[in-house]
Amino acid sequence: MAVLTDEVREKVKEIVCDVLSLESDDVTETSLFVEDHEADSMQAIEILASLEINFNVTVDQSELERMVNLAGVYEVLKGCLADPAA
């Protein structure tokens, strides 16, 4: 499985904060996008699309259910970077 660098993690957090209109300090690895930050399904899809564009990967929409917080997004992205065909 791929290892995410601090730079990649920071970029992911930047994407999430941008999509959810949050300050970086407001988002932790375990804060939940929907429950804690009032995200909706369109924002989740926007995060997924931004990951695909920024990291040149393809993320299956079924992965959205795992992308409930930063930790989940990191795991999904790790899987995509480890297996570009995914």
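Everything discussed here concerns the structure shown above.
The notes below deal with the structure included here. (Residues numbered from 1 in each chain as written. Predicted model: local features only at pLDDT ≥ 70, side-chain atom pairs only at ≥ 80, totals over all residues. Heavy atoms only, no water.)

With respect to the side chain of histidine 37
Going by this rule: In this description a helix means any DSSP run of H or I spanning at least four residues, a strand means any run of E spanning at least two, and both kinds are numbered starting from the N terminus. The contact rule is simple, with two residues in contact once any of their heavy atoms fall within 4.5 Å.
By the element assignment, histidine 37 lies in helix α2 (residues 33-37). With residues up to four places along the chain from it excluded, the contact list for histidine 37 reads Leu20, Leu22, Asp26, Val27, Ser31 and Leu32.

What about the nonpolar core?
This is how it is decided: Definition of nonpolar core: a set of buried residues of the types Ala, Val, Leu, Ile, Met, Phe, Trp, Tyr and Cys, connected through side-chain atoms within 4.5 Å. In this scheme, a residue with accessible area under 20% of its type's maximum is buried, one over 50% is exposed, and one in between is partly exposed, where area comes from a 1.4 Å probe on protein chains only.
Residues Val12, Leu20, Ile47, Leu51, Phe55 and Met67 are the most contacted members of the largest nonpolar core, which totals 26 residues. When residues of this core are traced back to their parent elements, those giving at least two are α1 (6-20), α3 (41-55) and α4 (70-82). In terms of residues, this core owes the most to one element, α1, which gives 7 residues. Setting aside anything within four residues of it in sequence, one finds valine 12 in contact with Leu51, Phe55, Leu70, Val73, Tyr74 and Leu77.

Some remarks on the pattern of salt bridges
Cut-off, in case you're wondering: Here a salt bridge means any side-chain nitrogen of Lys or Arg lying within 4 Å of a carboxyl oxygen belonging to Asp or Glu.
One pass over the full model with this rule turns up 4 salt bridges. As a salt-bridge pair, glutamate 29 and arginine 9 come within 3.6 Å of each other at their nearest N and O atoms. One end of the pair, glutamate 29, is in the loop between α1 and α2; the other, arginine 9, is in helix α1, with 20 residues separating them in the sequence. On the basis of relative accessible area, glutamate 29 is assigned to the partly exposed category, the value being 41%. Judged by its relative accessible area of 24%, arginine 9 falls in the partly exposed class. The salt bridge partner of lysine 11 is glutamate 14, with a shortest N-O separation of 3.3 Å.

Some thoughts on α3
Going by this rule: Take the residue count of a helix, subtract one, and multiply by 1.5 Å to get its expected span. Taking the helix axis as origin, the arc is that swept by the directions to the C-beta atoms. Polar contact is the term for a pair of N or O atoms within 3.5 Å; when the atoms are in protein, one must be able to donate a hydrogen and the other to accept it, and sequence-neighboring residues count only if both atoms are side-chain atoms.
Here α3 spans 21 Å end to end across 15 residues, near enough to the 21 Å set by a 1.5 Å rise per residue. Residues of α3 that are buried include every one of Gln43, Ile47, Leu48, Ser50, Leu51 and Phe55, and no others. The buried side chains of α3 occupy one side of the element, clustering within an arc of 160° when seen end-on. Exposed and facing more than 90 degrees away from the buried side of α3 are Ser41, Met42 and Ile53. Structurally, α3 contributes buried residues whose contacts are with α1, α2 and α4. By the N-cap criterion, in which a side-chain oxygen at the helix start approaches the backbone nitrogen of a residue two or three places on, α3 is capped by aspartate 40, the distance to methionine 42 being 3.1 Å. Following α3 by one or two positions, asparagine 56 adopts a phi angle in the positive range, close to 55°.

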